[in-house]
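A look at the structure
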Amino acid sequence: MKLILKHKKLSTLPKAYTRVELVEKGVERLVERGGVTTLEIVAGKPAKLTPRTFRALARGIVQSAKKLKLEKLAIAFDVDAYPKLKEKNIVWVYETLTYNMLLADYEFLNYKSKKQKSSLKEVFISTPHEREAGSGLRHALILAKHVNMCRDIANTPGGDLTPSGLAEAAKTALKGTSATVSVLDEKEMQKLGMGGILGVGGAAKDKPRFIILEYRGQNDKNRKNTKDSSSKGPIVFVGKGITFDTGGLQVKPGMAMYEMHMDMSGGAAVIAAVATIASLKLPVHVVGLIPAAENAISDSAIRPGDVLKMMSGKTVEVLHTDAEGRLILADALHYARTYKPRLVVDVATLTGASLIALGQHAHAIMTKDRELEDALRELGEETGDYVAPLPLWDEYMQYTKGVHGDIANIPQGDSKYGGTINGASFLSHFTKGLRWVHIDMAPRMTSVASDKLAKGATGEPTRLLVAIAEQF
Ligand code: BES
Ligand code: ZN
Ligand code: ZN
């Protein structure tokens, strides 16, 4: 799909363009007037269009056009008619419009023998703010390309994307940028004592990998011009890279295993975010760490009751083989220390409990840093990757105690309460002294109808991670 933003009257365009008209009420419909087709889209009162409903509108236009098999759209969009959008800057408005159109145009067709591509070839947007719109579009193109790439990686079935495949995907994603990728194999992880990753990944044929991405932007302004040593190191993103989660020996029942090839969505988002940051040549230093493993079942699988020695030196009692994400993240979070990071953000499809808590409309975030929590909520509104905080209080730490190990990967007695917080509390044993936020992205792993996106991976929170790198 091509996007064109120009200061040019729609009436000068050929009839082949279906005009899009935003109407306040009624029903969506196509109307013919003198050989020109108009697609009427119900957008409500202009005064009521908010940044949130604006995203849905942008996506809805593309979704409707695809459904109606339209090829060329033309729409006049002037920010000045929308008071709640005017509170944002103009670049943001056109970036958000085009970014969301590009996300809505995406389809995952790699496994279709007949590739029924989107019919939509071109969207022409008439705007009086050609310069700002152009700069918004340039940003949107890079963002959407990478978010859609994240969706491709996450949507790939577990049989075709194993840990080594995820490492390959990372290399492909960063090709042509100045970012580097290095991949640690089992032997190298053994030397580092990464018992969590080795334990979880040991049962599968394709052995676990530890993927390290690094991008060092030029004149990283946070490195220079500051005496505060805490703000010096890189931002480290850590992404859960379970390429398939069977649950291990405590195997997931029935349909609970469906879509568990997307249990590497956190890893995919980290790859895509680093690739975006490198493509945008942002003046920051970022590191991406992805512990990649398949939680499989074989005679070398970890058993309930096994005690793993982690890279940090702590021992972890495995009370549940399906709580594997926190085991691999623990080693990655500990490894993050070697960078003396200014900020650590981990992203993981960690708990089904987060869906129970939030439904499917927000990422759960947990941090003890109130400033960081507020900043992320703000960036969530800014980007559309909405986040909602859950507490990370000391009261919950009692549920991480082990019987025979230092700590256990789930509460003793397997309580059904507070599962998302318990996961974060477990991770907090490995992040002492770090500025850290945990993002449980399980609620946003797959799209829901109201997202107006193709079924499958959402590509979130790639955009949010990029915004974090832009801000911190
Ligand atoms: N990958 C799952 C969590 C998940 C479930 C993500 C559904 C997305 C959709 C994770 O590894 C897991 O299995 N968690 C367990 C934890 C439990 C054993 C404490 C869960 O949520 O049931
Ligand atoms: Zn699991
Ligand atoms: Zn998992």
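Fair warning: this is a prediction, and the values are worked out from it, not measured in the lab. (Residues numbered from 1 in each chain as written. Chains lettered and ligands numbered in written order. Predicted model: local features only at pLDDT ≥ 70, side-chain atom pairs only at ≥ 80, totals over all residues. Heavy atoms only, no water.)

**Notes on the coordination of the zinc ion (ligand 3)**
Here the zinc ion (ligand 3) is held by Lys240 (NZ), Asp245 (OD), Asp263 (OD) and Glu324 (OE), and the distances to it run 2.0 to 2.4 Å. Viewed at the metal, the six donor atoms of the zinc ion (ligand 3) are separated by angles of 77 to 173°, and the geometry they form is octahedral. Separating the zinc ion (ligand 3) from the zinc ion (ligand 2) is a distance of 3.2 Å, and aspartate 245 supplies a donor atom to each of them. Separated by 84 residues along the polypeptide, lysine 240 in the loop between β9 (235-239) and β10 (241-245) and glutamate 324 in the loop between β13 (315-317) and α9 (325-336) bring together distant segments of the chain. Residue class for glutamate 324 comes out buried when judged on its relative accessible area of 1%. (Donors = N, O, S within 2.8 Å, 3.2 Å for Na, K, Ca; no water. Tetrahedral: all angles 85-135°; square planar, octahedral: opposite > 155°, others 65-115°. Helix = DSSP H or I, 4+ residues; strand = E, 2+ residues; numbered from the N terminus. Buried < 20%, exposed > 50% of the residue type's maximum accessible area, 1.4 Å probe, protein only.)

**Concerning the site of ligand 1**
Taken together, 17 residues lie near ligand 1, and Asp245, Lys252, Asp322, Glu324 and Gly352 sit nearest. At 2.9 Å, a side-chain N or O of glutamate 324 approaches an oxygen atom of ligand 1. Between glycine 352 and ligand 1, the recorded distance is 2.7 Å, taken from a backbone N or O atom to an oxygen atom. Alone, ligand 1 offers 520 Å² of accessible surface; in the complex the protein occludes 78% of this. Of all the cavities here, the one that holds ligand 1 is the largest pocket. Residue composition of the shell around ligand 1, by class: six nonpolar, four polar and seven charged. (Near = heavy atom within 4 Å. Polar contact = N/O pair within 3.5 Å; in protein donor to acceptor, adjacent residues only side chain to side chain. Areas by Shrake-Rupley, 256 points an atom, 1.4 Å probe, with all protein chains shown as cover. 1 Å grid on protein atoms, 1.4 Å probe; cavity = no way out; pocket = protein on both sides within 12 Å on 5 of 7 lines; lining within 4 Å. Sits in = over half its atoms within 2 Å of the grid points. Nonpolar A, V, L, I, M, F, W, Y, C, P; charged D, E, K, R; others polar.)

**With respect to the coordination of the zinc ion (ligand 2)**
Surrounding the zinc ion (ligand 2) are the protein donor atoms Asp245 (OD), Asp322 (O), Asp322 (OD) and Glu324 (OE), which sit 2.0 to 2.2 Å from the metal. Coordination at the zinc ion (ligand 2) comes from six donor atoms whose angles at the metal span 72 to 169°, giving a geometry best classed as irregular. All donors to the zinc ion (ligand 2) come from one chain, and their sequence spacing reads D-x76-D-x1-E.

**Notes on empty space enclosed by the protein**
Within this structure, the stated rule accounts for one cavity of 30 Å³ or more. The calculated volume of the largest cavity comes to roughly 30 Å³. If you go around the largest cavity, the residues you meet are Cys150, Ala154, Ser265, Met441, Met445, Ala457, Thr458, Gly459 and Glu460. Of the residues assigned to the lining of the largest cavity, the class counts are five nonpolar, three polar and one charged. (Points joined across faces, edges and corners; volume = space filled by probe spheres on them.)

**Structural notes on helix α3 (residues 90-105)**
Helix length check: α3 (16 residues) gives 23 Å between terminal C-alpha atoms against 22 Å at 1.5 Å per residue, within 8%. Among the 16 residues that make up α3, 14 are buried, leaving the element largely enclosed by the rest of the structure. Its side-chain oxygen placed 3.1 Å from the backbone nitrogen of valine 91, asparagine 89 serves as the N-cap of α3. (Expected span 1.5 Å × (residues − 1).)

Worth remembering: the numbers are spatial, not functional.
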